[in-house]
Amino acid sequence: MSQQSWLPTLKTNTAEEGYELAVKLARKAVGMTQPDENIRKKLRLDYANNADSLTLASQVVAIHFQTVAAANNYWNDK
């Protein structure tokens, strides 16, 4: 029995869906890097009130969005 991929494609119908996918990629990376939910919850208290941490999180999403946008030809063919 094969397990279904959590990321079957980078293709999305719109830029907004692409951005949502970028956020999902960032969140998935955090979960894979630190699989212990309790530790993630403890760490969240530190970064949730830190402007630099929040800015870096936005940067990670932006990098993922660049990847998704390129995979979708920047939605120009729609």
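Throughout what follows, the structure given in this document is the object of discussion. (Residues numbered from 1 in each chain as written. Predicted model: local features only at pLDDT ≥ 70, side-chain atom pairs only at ≥ 80, totals over all residues. Heavy atoms only, no water.)

### Concerning helix α3 (residues 51-71)
So, point 1. Under the 1.5 Å per step criterion, the end-to-end length of α3 is 30 Å for 21 residues, consistent within 8% with the ideal 30 Å.
So, point 2. Buried within α3 are the following residues: Val61, Val68 and Ala69. For α3, the angular spread of buried residues about the axis comes to 95°, placing them on one side. Exposed side of α3, more than 90 degrees from the buried face: Asp52, Thr55, Leu56 and Gln66 are the residues found there.
So, point 3. For α3, the secondary structure elements touched by its buried residues are α1 (15-33).
So, point 4. For α3, the N-terminal capping position is held by Asn50, with its side-chain oxygen 2.9 Å away from the main-chain nitrogen of Asp52.
So, point 5. Just beyond α3, the residue with positive phi is Asn73, at close to 50°. (Helix = DSSP H or I, 4+ residues; strand = E, 2+ residues; numbered from the N terminus. Expected span 1.5 Å × (residues − 1). Buried < 20%, exposed > 50% of the residue type's maximum accessible area, 1.4 Å probe, protein only. Arc of directions from axis to C-beta. Contact = heavy atoms within 4.5 Å. Polar contact = N/O pair within 3.5 Å; in protein donor to acceptor, adjacent residues only side chain to side chain.)

### Here we look at a nonpolar patch on the surface
So, point 1. Residues Ile39, Leu43, Tyr47 and Leu54 make up a contiguous nonpolar surface patch of roughly 330 Å² in combined accessible area.
So, point 2. At three residues, the largest contribution of residues to the nonpolar patch is made by helix α2 (residues 37-47).
So, point 3. Locating Ile39 in the fold gives a position in helix α2. (Patch = residues over 30% accessible without salt bridge, like charges linked within 9 Å, V, L, I, M, F, W, Y side chains within 5 Å. Areas by Shrake-Rupley, 256 points an atom, 1.4 Å probe, with all protein chains shown as cover. Salt bridge = Lys/Arg side-chain N within 4 Å of Asp/Glu carboxyl O.)

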